Amino acid sequence: MSKNLNLVIIGLPGSGKGTQVEAIKNRFNLVDIATGEIARELADQNTPLGYEVREVINKGELLSDEIIFKVIRERIKTIPNDKGLVFDGFPRNLKQSQVLDEILFRAGRALDKVIYLSVPEEELEKRLKTRLICEKCGYSAFGHEKNCPKCQGKLVKREDDTSLKVVQKRIEENFKIISPLISCYQKRGNLIEINGDQPPKDVTKDIVKILE
Ligand code: AMP
């Protein structure tokens, strides 16, 4: 078992993963690796890779394993050993979960727990329709704020949240993809299911109780 906590947080789009990562990160000395945010950073670049990534994101599809593995391997090298990790948005399929084990092993780490935030689909659709994200740091906001509560950046609509059809497709595709992942971690004994359909503070309380 590694010294620091190495976690994965999984859930469908809009389940509150980013919010919960923010809420537990400092308490457990974690650095977050949010692949959606990393993908959006890539999409902002005016390079062939940037165009490719933008197109995939706007269609509500997943990036190729090749791109995502490269990005994660590079990111993990920059994180000090005395910090734990929390992955948000990765892995999203069984192959990615196997590669994650390998990446962690090479970094002298091991996966401790997988937190699954479960939220009914109708609630997810409702949340995504009203979600704004921070232009600067990617924080998701579901309230009526104009500026990011974290860094005061401007809150804007995410391009792939604007159409209900794209939102539904993302939920549907992600559900098909994460279901085998949930069963796999359940069998391995490190899955913790948390009710994500409650106020964010209560979700955090449930997570902290389990991790402490
Ligand atoms: P998210 O913010 O997690 O909903 O991710 C936004 C977009 O980034 C997704 O629709 C994918 O195109 C891409 N993405 C994020 N994580 C992954 C991953 N683990 N594998 C492939 N694509 C990903």
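**Some remarks on the layout of surface pockets**
By rolling a water-sized probe across the atoms, one finds the places where empty space is left.
Here comes step 1: Approximately 750 Å³ is the volume attributed to the largest pocket.
Here comes step 2: The wall of the largest pocket is formed by 43 residues, among which Gly-36, Glu-37, Arg-40, Arg-92 and Arg-158 lie closest to the centre.
Here comes step 3: At the level of secondary structure, the elements contributing two or more residues to the lining of the largest pocket comprise helix H1 (17-25), strand S2 (30-34), helix H2 (35-43), helix H3 (48-58), helix H4 (65-77) and helix H7 (164-188).
Here comes step 4: It is H1 that provides the largest number of residues to the lining of the largest pocket, a total of six residues.
Here comes step 5: Grouping the constituent residues of the lining of the largest pocket by class yields 13 nonpolar, 14 polar and 16 charged.
Here comes step 6: Together, 19 residues line the second largest pocket, and Arg-40, Glu-41, Asp-44, Ile-133 and Glu-135 are the ones closest to its centre.
Here comes step 7: Elements with a contribution of two residues or more to the lining of the second largest pocket: H2, H3 and strand S5 (132-134).
Here comes step 8: Classifying every residue of the lining of the second largest pocket gives six nonpolar, two polar and 11 charged.

**With respect to the packing of H2 against H3**
Here comes step 1: With their axes 7 Å apart at the nearest point, H2 and H3 run at an angle of 125 degrees to one another. Overall, the two elements H2 and H3 adopt an arrangement that is oblique. Touching Ala-39, Arg-40, Leu-42 and Ala-43 of H2 are Leu-49, Gly-50, Val-53, Arg-54 and Ile-57, all from H3.
Here comes step 2: Class assignment of the residues belonging to the contact of H2 with H3 gives a composition of six nonpolar, one polar and two charged.

**Comments concerning the site of the ligand**
Here comes step 1: Around the ligand there are 15 residues in total, and Thr-35, Glu-61, Leu-63, Gly-89 and Arg-92 lie nearest to it.
Here comes step 2: One of the side-chain N or O atoms of Arg-92 is found 2.7 Å from a nitrogen atom in the ligand.
Here comes step 3: In the environment of the ligand, an oxygen atom lies 3.0 Å from a nitrogen or oxygen atom belonging to the side chain of Arg-158.
Here comes step 4: Taken by itself the ligand offers 480 Å² of open surface, and the protein chains cover 95% of this.

**Structural notes on the nonpolar core**
Here comes step 1: Grouped together as the largest cluster of nonpolar side chains are 39 residues, with contacts concentrated most on Ile-10 and Phe-87.
Here comes step 2: Excluding residues that lie within four positions of it along the chain, Phe-87 makes contacts with Leu-7, Val-8, Ile-9, Ile-33, Ile-72, Ile-76, Leu-100 and Leu-104.
Here comes step 3: With 15 residues, the next largest nonpolar core counts Leu-7, Ile-24, Leu-30 and Leu-211 among its residues.

**Considering empty space enclosed by the protein**
Here comes step 1: The tally for this structure, following the rule as stated, stands at one cavity of 30 Å³ or more.
Here comes step 2: Roughly 70 Å³ of internal volume is contained in the largest cavity.
Here comes step 3: Around the largest cavity, the lining residues are Ile-9, Ile-10, Gly-11, Pro-13, Lys-17, Gly-89, Phe-90, Pro-91, Arg-92, Asn-174 and Ile-178.
Here comes step 4: Where the lining of the largest cavity is concerned, the elements lending two or more residues are strand S1 (6-10) and H7.

Conventions used here
- Residues numbered from 1 in each chain as written.
- Predicted model: local features only at pLDDT ≥ 70, side-chain atom pairs only at ≥ 80, totals over all residues.
- Heavy atoms only, no water.
- 1 Å grid on protein atoms, 1.4 Å probe; cavity = no way out; pocket = protein on both sides within 12 Å on 5 of 7 lines; lining within 4 Å.
- Points joined across faces, edges and corners; volume = space filled by probe spheres on them.
- Helix = DSSP H or I, 4+ residues; strand = E, 2+ residues; numbered from the N terminus.
- Nonpolar A, V, L, I, M, F, W, Y, C, P; charged D, E, K, R; others polar.
- Axes fitted to C-alpha atoms, helices over the stretch in contact; angles between N-to-C directions.
- Parallel < 35°, antiparallel > 145°, perpendicular 65-115°, else oblique.
- Contact = heavy atoms within 4.5 Å.
- Near = heavy atom within 4 Å.
- Polar contact = N/O pair within 3.5 Å; in protein donor to acceptor, adjacent residues only side chain to side chain.
- Areas by Shrake-Rupley, 256 points an atom, 1.4 Å probe, with all protein chains shown as cover.
- Core = buried A, V, L, I, M, F, W, Y, C linked by side-chain atoms within 4.5 Å.
- Buried < 20%, exposed > 50% of the residue type's maximum accessible area, 1.4 Å probe, protein only.

These results come straight from atomic positions and should not be treated as a statement about function.
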